[in-house]
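Fold and geometry: a report
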Amino acid sequence: MSRSAHPAGPRHADVLPEGHYAAPPVDLNALDPKVWAQTVDRDADGVVTVGGVDVNALAAQVGTPAYVLDEEDFRARARAWRTAFGHDADVFYAGKAFLSRAVVRWLDEEGLNLDVCSGGELATALSAGLAADRIAFHGNNKTPAEIRRAVEAGVGRIVLDSFQEIVRVAHLARELGRRQRVQIRVTVGVEAHTHEFIATAHEDQKFGIPLADGQAAEAVRRALQLDSLELIGIHSHIGSQIFDMSGFEVAAHRVVGLLKDVRDEHGVELPEIDLGGGLGIAYTSGDDPREPHEIAKALTEIVTRECESAKLRTPRISVEPGRAIVGPTTFTLYEVGTVKALEGLRTYVSVDGGMSDNIRTALYDAEYSVALASRTSDAEPMLVRVVGKHCESGDIVVKDAFLPADLAPGDLIAVPATGAYCRSMASNYNHALRPPVVAVRDGEARVIVRRESEEDLLRLDVG
Ligand code: LLP
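1. Things to note about the site of the ligand
Among the 19 residues in the neighbourhood of the ligand, the closest are listed as Ser240, Glu320, Arg360, Tyr364 and Tyr421. Residue lysine 96 places a side-chain N or O atom 3.4 Å away from an oxygen atom belonging to the ligand. A total of 580 Å² of accessible area belongs to the ligand in isolation, and the protein chains cover 92% of it. Classifying every residue of the shell around the ligand gives six nonpolar, seven polar and six charged.

Written out as structure tokens, the structure is:
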């Protein structure tokens, strides 16, 4: 197809339709280090490279779409969290963001623990050889089979989420002749400034036991009475993709308040406090996330100050970052299939993936960036909507962005910051085959999760 067969559509800020884009970037070929993994660059020919491998070679090796993960970047971020919190705290990587056996091994090597929230995640961690006492098991409705497996394996902690679960875990632990270390997850009543679906500390929702009206204190009372449970602390997770630390401040204040009440009522000082995950990352150049050392300093100061004023020993702190570690490490590489200019509106760029590999745009109205990856271009910016190949008009990957006006079928484009909650929330909608995850490091690309095949799909179809 000739370039002129798909005219560029609207190009200038004064004729742009409504949307939430900023003005076109000055240099469309530039890769803002805020949103791209550490080793991402362009080579002398203008091709995007990561870990020393260029995307044209990657596409030839593993096909598209593909999640391309910068292993060095993952390790560096994991290490930065570990170092920032030091030896008096624990960092549990939240596996729900993205989990595979390779990831478990990297975490192990970098000294992090792991938070799992399902039997499947637990099985992945155990099969990669992670010591069970470094695993925390979460979830608002763990099945008896999952609880049994976790207790039998000897997980380091189970985070109790309801009154029924206190009894359920105690019962299974007793049956297995174990004393299980547990935390109680409380909802502290904070309205985190994030999307409604990923805010978790206001009271009207399914997670945790409310601090308000004494329910959490009652949960502590019950847990302390059960011999097969060892209550080691209180857990709070206020939500996800949060930039503002004030929510954590309120949460820490209220959790320490509960620790104080527990001390006053039972004479017990619970030794741990878990403040969950939720720290935001940059999806676009407009986002300004905090560095792990700033977060560690802020959280440690808040807890220490609150404990001093409550005359409590400062408990051991743990945190559970998921997105902040894996999110920025990965970009999704797509091949452009069609380019459709709608006069006076925008240009629709269809890629070979979509909502099956990134549901976040449709589900949370998430914003992403995008760049032409297989080459550079000096063409003018054109306003695009990057869409997938699914039978649904909400199948949007990047809602509003600018790409060069000479974009053509066969070009590779890359969407950065897709490491968290994209592969882990991927689906087979329209019988799409879920893309592989390719880890790149020191000039080598290694598939750590392979692409699904039609055989994989048909294997489940036993009718
Ligand atoms: N700890 C607990 C108890 C959690 O529920 C979560 C996330 C985390 C830690 C990790 O949060 P992170 O640091 O990754 O923000 N699917 C949504 C996010 C759901 C988060 C669920 N819980 C998304 O794509 O934005």
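The rest of the description comes next.
2. Section: the domain arrangement of the chain
Considered domain by domain, the chain is made up of domain 1 (16-70 + 328-460) and domain 2 (72-322). Contacts between domain 1 and domain 2 engage 29 residues on the former and 22 residues on the latter. Taking both sides of the interface into account, the surface hidden between domain 1 and domain 2 amounts to around 2,400 Å²; carbon and sulfur atoms contribute 59%. When the buried area of domain 1 at its contact with domain 2 is split by residue, Lys34, Tyr364 and Tyr421 rank highest and sum to 22% of it. In this assembly, domain 1 and domain 2 are joined by two salt bridges. Among the salt bridges present, the one from glutamate 72 reaches arginine 441, with a minimum N-O distance of 3.1 Å. Along the contact surface separating domain 1 from domain 2 lie 13 residue pairs in polar contact (both at pLDDT 80 or more). Looking at the side of domain 1 that touches domain 2, the elements that each hand over two or more residues are strand S4 (66-70), helix H11 (360-364), strand S20 (437-441) and strand S21 (444-449).

3. A short note on the sheet that holds strand S3 (residues 53-54)
As summarised here, the arrangement of the three strands in space is S1-S2-S3, forming an open sheet in which the pairing is antiparallel. In this open sheet, the two strands that pair with only one neighbour each are strand S1 (41-42) and S3. In this structure, S1 lies alongside strand S2 (residues 48-50), joined through two bridges in antiparallel fashion. The residue bridging aspartate 41 from the neighbouring strand is threonine 49, located in S2.

4. Looking at the nonpolar core
Within the largest apolar cluster, 113 residues are counted, with the highest numbers of intra-cluster contacts made by Phe74, Tyr93, Ile158, Ile184 and Ile413. With 25 residues, the next largest nonpolar core counts Ala59, Ala66, Leu333 and Ala371 among its residues.

5. Some words on the packing of aromatic side chains
Counted by the stated rule, this structure contains five aromatic pairs. Here the aromatic rings of tryptophan 81 and phenylalanine 85 are separated by 5.9 Å at their centres, their planes lie at 5°, and the arrangement is stacked. With tryptophan 81 and phenylalanine 85 both in helix H2 (residues 71-85) and four residues apart, this pair spans about one turn of that helix. You can call tryptophan 81 buried: its relative accessible area is 2%.

6. Details of the packing of H2 against helix H9 (residues 292-310)
Two quantities define a packed helix pair, namely the angle between the axes and the distance from one axis to the other. As a packed pair, H2 and H9 sit with axes 8 Å apart at the nearest point and diverge in direction by 30°. As far as their axial angle goes, H9 and H2 are roughly parallel. H2 and H9 meet at a crossing whose hand is right-handed. Every residue of H9 that contacts H2 at Ala80, Trp81, Ala84 and Phe85 is listed here: Pro292, His293, Ile295, Ala296 and Leu299. Each residue belonging to the contact of H2 with H9 can be placed in one class, and the counts come to eight nonpolar, one polar and no charged.

7. Examining the packing of helix H7 (residues 215-225) against helix H8 (residues 246-266)
Direction vectors running N to C along H7 and H8 enclose 50°, while the axes themselves pass 11 Å from each other. Taken as axis vectors, H7 and H8 run oblique relative to one another. As for the relative orientation of H7 and H8, their crossing is right-handed in sense. Contacts between H7 and H8 involve Ala216, Ala217, Val220, Arg221 and Leu224 from the former and Leu258, Val262, Glu265 and His266 from the latter.

Calculation rules
- Residues numbered from 1 in each chain as written.
- Predicted model: local features only at pLDDT ≥ 70, side-chain atom pairs only at ≥ 80, totals over all residues.
- Heavy atoms only, no water.
- Near = heavy atom within 4 Å.
- Polar contact = N/O pair within 3.5 Å; in protein donor to acceptor, adjacent residues only side chain to side chain.
- Areas by Shrake-Rupley, 256 points an atom, 1.4 Å probe, with all protein chains shown as cover.
- Nonpolar A, V, L, I, M, F, W, Y, C, P; charged D, E, K, R; others polar.
- Domains from an automatic or database assignment.
- Contact = heavy atoms within 4.5 Å.
- Buried area = accessible area lost by both parts, 1.4 Å probe.
- Salt bridge = Lys/Arg side-chain N within 4 Å of Asp/Glu carboxyl O.
- Helix = DSSP H or I, 4+ residues; strand = E, 2+ residues; numbered from the N terminus.
- Pairing = 2+ DSSP bridges.
- Core = buried A, V, L, I, M, F, W, Y, C linked by side-chain atoms within 4.5 Å.
- Buried < 20%, exposed > 50% of the residue type's maximum accessible area, 1.4 Å probe, protein only.
- Phe/Tyr/Trp six-rings, centres within 6.5 Å; stacked < 30°, edge-to-face > 60°.
- Axes fitted to C-alpha atoms, helices over the stretch in contact; angles between N-to-C directions.
- Parallel < 35°, antiparallel > 145°, perpendicular 65-115°, else oblique.
- Left-handed = near helix turned anticlockwise from the far one by under 90°.

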